[in-house]
Amino acid sequence: MQAITTATDKPAAGAAAVSHASMANAIRALAMDAVEAANSGHPGMPMGMADVATVLFTRHLKFDAGRPDWPDRDRFVLSAGHGSMLLYALLHLTGYADVTIKALRNFRQLASLAAGHPEYGHAGGIETTTGPLGQGLANAVGMALAERHLAARFGSDIVDHRTYAVVGDGCLMEGISQEAITFAAHLRLSRLTVLFDDNEISIDGPTGLATSEDQIKRFEAAGWHTQAIDGHDAHAIDVAIAAACASDAPSLIACRTQIAFGAPTKAGTSAAHGAPLGADEIAGARKALNWPHAPFEIPEDILGAWREAGKRGATASAAWDTKLSNEPAFLRGAFERAVTGMLPDGWRSVLDELKKAFVKDAPKQASRVSSGAVLDELAREVPELLGGSADLTGSNNTRAKGQKVLSADNYSGTYLHYGIREHAMGAMMNGLALHGGVVPYAGTFLVFADYMRPAIRLAALMGLRVIYVMTHDSIGLGQDGPTHQPVEHLASLRAIPNLDVFRPADAVETAECWALALARGNGPSLLALSRQGLPVLRGTYSTENKCARGAYILAEAKGKRRATLIATGSEVEIALAAREQLHGEGIGTAVVSMPCWELFEIQDHDYQDAVLGPNTVRVAVEAASPFGWARWVTPDGAVVGMMGFGASAPAPALYEHFAITAENAVKAVKVRL
């Protein structure tokens, strides 16, 4: 068995003597060798998709291996992240400096940039972290959307590229794929091409064990341009990619491949999916592929041909620099600021003025309404903000005044109607952030964070600036009942590393939390906002962002401090009422507002002690699961919270029913004194 070559099998530019088959087999050999050396991994997918990847990278993909961060490069997403050696082999062969042969020899080892699944930030050319299937596909939709939006804003002379994604059967079985493909078609993202590794094999065996879906008809029904080809025919691959690029709709190319192409006994079987091939099978594959070279050895002529492919975009990259330099200074400056993630001057002062107005006017309003007021100001000052909601715009208050809807007819809009697609919304926001040039935010109800959790986790893992506006944050939402009332959600979200969870207590804190979320450049932020009205609790204006340290003393004790009430969000008002009752009984009590646990955790010990009061009785008040609060109320404190699910009733009745009251907080303090 050997890779197919045809009369029209074009070699890479400057490498006329090197065949397509030889270049594709270099990928196969590196995949086999790295997985074998690690004694772990997935060799089959890279071997099966080697022909498709070779054609894409040598003939179509616009990139410059010497400049991985070129803003106008095409994006390549390996959604089927288990086949990571396909990507690592391509990056090494084309000359990305980070991906050395040593890195491939250390595949899947501690501190190796060649991790088991591609991890964003480990090396140039890794556009996103993939592995949870389907996430990469939705990331690619977000990237393609960002390209269209930025082209509308800055012009096609400096924003003119495509997005390619390799997906497997598993990516398309995951429900997120349906959300993503229908959204991509709805927005007519014609610069998106999905290359489907149609090998009909999953870990358990043939895909027929679990699905009989016709993917071509599925994508056609959504509005995609579709093709089905032999994924080992270089000419057919070349023609299909060209046709996809000419389409006015997003394009699916179903590439019928054989998993572990070239392996004598394991090709076409699940045995090659997630385990090393073994020495004998690799020897047989080397013979079948006419690859007599030692492990990790790439002949100079083949490596040279690949390196020429890696340099193919250098001329276009340099020409792009010239185009950018010729743009008007204001546009060039705005573009460079946007793609580097810098925010424009002036946005902080706008929020500062809003804080003054909140203190002066003291509106009693839901924090979701306060968030909407913040967005009204920010949307005018920060053109990179790209907002949206999962069909809850009026409830989330996520569309600012003056924001126009982004649609297939108007890519310049800055507001997206994501529809009821929370999971894909989260993953597409990741793609938007990864692409650069935009700051994505979007809303839904906090309880539906469960639908978004895998994407939120990946945003945290990648350190992306993504902002989630999660409203209806407790039993305070009232009569929609326990299906919509979050209980365990705050605890579960706080458990995600590198996710800042903000729960502001009033309009002033809402403005401050938005400022912190927007300024954060190394991870996502989530704002948990109320449905019910909240009074302004900070009666005096201060330029200081008190939320920046995660927690602060909102109200000092009168006299000696014997108790400390710690609360978040809507329950801070309850804590203040309890403080007054305790003071009436001569018990000096301080109230601490703790809008962000994560920021408080990183404060120095002295500040934490000053806020929490180490020798006082500590009681936390939060209308949510008490899980996690022990770290703040130990050793003898208590939590006034939810011990089970909520119920359907008006909010005041629910707070009384579940004893999340000032009276219960007072009782919890007194029994511990």
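All residue numbers here refer to positions counted from 1 along the written sequence of the relevant chain. Given that the model is predicted, a residue must reach a pLDDT of at least 70 before its local features are reported, and side-chain atom pairs must reach 80 or more before they are shown or counted; all residues, however, enter totals for whole chains, interfaces and linings. To obtain the side-chain values, all non-hydrogen atoms of the structure were used and water was disregarded.

A. Summary view of the state of the cysteines. By definition, disulfides here are pairs of cysteine sulfur atoms that lie within 2.5 Å. In this structure the tally under the stated criterion is 0 disulfides. Note on Cys 245: no disulfide assigned, nearest cysteine sulfur contributed by Cys 255 at a separation of 13 Å. Using a relative accessible area of 28% as the deciding quantity, one classes Cys 245 as partly exposed. A 1.4 Å probe rolled over the protein chains alone gives each residue an accessible area, and that area as a share of the maximum for its type sets the label: buried under 20%, exposed over 50%, partly exposed in between.

B. Layout of the pairing of strand 17 (residues 617–621). Counted residue by residue, strand 17 has 5 buried out of 5 residues, so it is predominantly covered. Helix and strand definitions here come from DSSP, where helices need a minimum of 4 consecutive H or I residues and strands a minimum of 2 consecutive E residues; each element is numbered from the N-terminal end. The side-chain alternation of strand 17 yields two buried faces, one formed by Val 617, Val 619 and Val 621 and the other by Arg 618 and Ala 620. Relative to strand 17, strand 15 (residues 563–567) runs parallel, the two sharing 5 bridges. Looking at strand 17, one finds that Thr 564 is bridged to Arg 618. The pairing criterion for strands is at least two bridges between them, as found by DSSP. Bridging between strand 17 and strand 18 (residues 638–640) involves 3 bridges; their strand directions are parallel. By the bridge assignment for strand 18, Ala 620 is matched with Val 639.

C. Focus on the side chain of Ser 593. As for its position among the elements, Ser 593 is in strand 16 (residues 589–593). Accessibility expressed as a relative area gives 0% for Ser 593, which makes it buried. A polar side-chain atom of Ser 593 sits 2.7 Å from a polar atom in the side chain of Glu 509. Should any heavy atoms of two residues lie within 4.5 Å, those residues are considered in contact. What Ser 593 contacts, discounting residues up to four positions off in sequence, is Ala 505, Glu 509, Gly 550, Ala 551, Tyr 552, Leu 554, Ala 567 and Val 572. Counted as a polar contact is a pair of N or O atoms within 3.5 Å, where, for protein atoms, one must be capable of donating a hydrogen and the other of accepting one, and residues adjacent in sequence contribute only when both atoms are in side chains.

D. Up close: the sheet that holds strand 16. The strand order across the open sheet built from 5 strands is 14-16-15-17-18, with neighbouring strands paired in mixed fashion. What marks the edges here is a single partner per strand, and that holds for strand 14 (552–555) and strand 18. Neighbouring strand axes in the sheet, compared pairwise and without regard to direction, differ in orientation by 30° on average. In this sheet, strand 16 lies alongside strand 14 in antiparallel orientation, the contact comprising 3 bridges. For Ala 555, the partnering residue across the bridge sits in strand 16 and is Val 591. With respect to the sheet, helix 24 (residues 605–612) is in contact with strand 14, strand 15, strand 16 and strand 17, its orientation differing from that of strand 14 by roughly 20°. All axes are obtained by fitting lines to C-alpha atoms, using only the stretch in contact for helices, and the reported angles, taken between N-to-C directions, cover 0 to 180 degrees.

E. Seen up close, the layout of surface pockets. Volume-wise, the largest pocket comes out at about 690 Å³. Any residue with an atom within 4 Å of a point lines the site, the site being either a cavity, points on a 1 Å grid over the protein atoms alone where a 1.4 Å probe fits but cannot get out, or a pocket, an open set with protein on both sides within 12 Å along at least 5 of 7 lines. Around the largest pocket sit 37 residues that line it, and Tyr 120, Val 339, Leu 434, His 435 and Gly 436 are the ones nearest its centre. Of all elements in the fold, only helix 14 (329–339), helix 18 (422–435) and strand 10 (439–445) reach the threshold of two or more residues within the lining of the largest pocket. Grid points are joined across faces, edges and corners, and a volume is the space filled by probe spheres set on the points.

F. Fine view of the sheet that holds strand 11 (residues 467–471). If you trace the 6 strands from one edge of the open sheet to the other, you get 9-8-10-11-13-12, paired in parallel fashion. In this open sheet, the two strands that pair with only one neighbour each are strand 9 (415–417) and strand 12 (500–502). Neighbour-to-neighbour, the strand axes of this sheet turn through a mean angle of 20°, independent of strand direction. Bridging between strand 11 and strand 13 (residues 525–528) involves 4 bridges; their strand directions are parallel.

G. Spatial organisation of the pattern of salt bridges. The term salt bridge refers to a pairing of a side-chain nitrogen on Lys or Arg with a carboxyl oxygen on Asp or Glu at a separation within 4 Å. Tallying each qualifying case throughout the model produces 29 salt bridges. With a shortest N-O distance of 2.5 Å, Glu 571 and Arg 503 are connected by a salt bridge. Of this pair, Glu 571 sits in helix 22 (residues 571–584) while Arg 503 sits in the loop between strand 12 and helix 21 (507–519), placing them 68 residues apart in sequence. Here Arg 549 ties to Asp 604 by a salt bridge, and the two come within 3.6 Å at their closest N and O atoms. Residue Arg 549 is found in the loop between strand 13 and strand 14, and its partner Asp 604 is found in the loop between helix 23 (597–601) and helix 24; the two are separated by 55 residues along the sequence. Taken together, the shared-partner salt bridges connect Glu 147, Arg 148, Asp 160 and Arg 191 into one network.

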